Amino acid sequence: MKNFLLLLFLYPCLLFAQSGNFSITGKLHIPNSNKLAYLIYTSAGKRTDDSCKIVNGSFAFNGNVSGYTTATLSIHKPLKPGEGYTDYLSIYLEPGQIAVTSQDSLLHAKVTGTPMNDEYQPLRQLNQSIDAKIASFQTKVRALTDPRAKQEFIANNTAEFSSYSSEKLENMKAFVKNHPKSMISIDLIRMIGGPVPDVTLIESLFEGLSAKPKESVKGKEIAAMVQKLKKTAIGSMAPEFSQPDTSGKIVSLKNYRGKFVLIDFWASWCVPCRAENPALVKAYDDYKDKNFTVLSVSLDKPADKNAWLAAIKKDNLHWTNVSDLQSFQNKAAVLYAINAIPQNFLVDPDGKIVAKNLRGEALHKKLGELIR
């Protein structure tokens, strides 16, 4: 009878965990009674944007997830699309009761109550001071309305910002190495990789995991990504592709055999790409008569064709420019696993990749080493 009563007492909790239901209760000790809390997540392919009022520092969310997913909890909407949040927190949504508490902002919150959040909390605490510095940097950048002043501020503080990112990266790598059975490690490997992954690092971290995370859906995606990245690693033969140039004529990479060629992925709308173009022009002018050229592949869309052509003219890109105008679904971009631009690949006369992502003086220096 005691066992039956115990089971009856536990039944609601068991039902809660198995059904995929979650609840979030939050308590923030800051004067924000007139603010809203926002919760954004995707589960089973469906995006959910939820919100609730913060009353006397307290708020609550309820929902349902399939398995687990990551979510963004914030107390401010993004200022503009893609601009980010002013006070936010990444949490794991999984069946159970999640508690979020903080003496001030969400940035410094403690998240407990479910297995993945409990496991992740030590790393969260370790990174909180770094995240605060990164958030402060981003706030200062957003406050600068003059583009030139913003660019100058970023340039003058790049080293400091990079040190924050490097410290956080090392913390994440240590977590992955110390938690080979954790599904959180899979998510961290993706974060460590970023938009331009170092395949050697990613593969090393992934190989250190146990069977369960490796064989998960996300694990198989990383394994596939590693194999794809290997095809464009330094020392590999550059994958062949053909694209139409600005006049519609088909241009093939194989036609460049016998020359050093820099395959440059860019787009007319990409500010960092356009900022890098003067360095490409200088390298081209200095080495175009020494068996070197550039082949630019644009990730513009069909509607941006005129902008692409105008950017080529304005930036003085006097080499061959190609594109199928399919944005990031550009066939060459997919082949080279391009998820962010600018990116480039230096290919030698035999068709082998000898360097990647050379910027500014680094490109000029590398060409000086290879071309006599």
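Higher on the page you've got the structure.
Attention here is on the structure that accompanies the text. (Residues numbered from 1 in each chain as written. Predicted model: local features only at pLDDT ≥ 70, side-chain atom pairs only at ≥ 80, totals over all residues. Heavy atoms only, no water.)

1. A closer look at the overall build of the protein
Along the protein, the regular secondary structure elements total eleven helices and 15 strands. Principal-axis analysis of the C-alpha atoms gives the protein an extent of 90 × 50 × 35 Å. Taking contacts inside the protein between residues at least 6 apart in sequence as the whole, the part at least 24 apart equals 62%. Summed over its atoms, the accessible surface of the protein is roughly 19,900 Å², and 55% of this surface lies on carbon and sulfur atoms. (Helix = DSSP H or I, 4+ residues; strand = E, 2+ residues; numbered from the N terminus. Contact = heavy atoms within 4.5 Å. Areas by Shrake-Rupley, 256 points an atom, 1.4 Å probe, with all protein chains shown as cover.)

2. Describing the sheet that holds strand S7 (residues 96-102)
Pairing is mixed across the open sheet formed by four strands, whose spatial order is S4-S1-S7-S8. Only two strands of the sheet have a single partner each, and these edge strands are strand S4 (58-64) and strand S8 (110-112). Along the sheet, successive strands turn relative to each other by an average axial angle of 15°, direction set aside. In the sheet, S7 pairs with S8 via three bridges, with the strands oriented antiparallel. Each residue of the ladder has a partner; that of threonine 101, found in S8, is lysine 110. Helix H2 (residues 115-143) contacts S7 and S8 of the sheet and is inclined by roughly 160° relative to S8. (Pairing = 2+ DSSP bridges. Axes fitted to C-alpha atoms, helices over the stretch in contact; angles between N-to-C directions.)

3. Structural notes on the environment of aspartate 198
With respect to the helices and strands, aspartate 198 occurs in the loop between helix H4 (183-193) and helix H5 (199-207). On the basis of relative accessibility, which here comes to 43%, the residue aspartate 198 falls in the partly exposed class. Expressed as a C-alpha distance, the spacing of aspartate 198 and asparagine 56, which sit 142 residues apart in the sequence, is 46 Å. (Buried < 20%, exposed > 50% of the residue type's maximum accessible area, 1.4 Å probe, protein only.)

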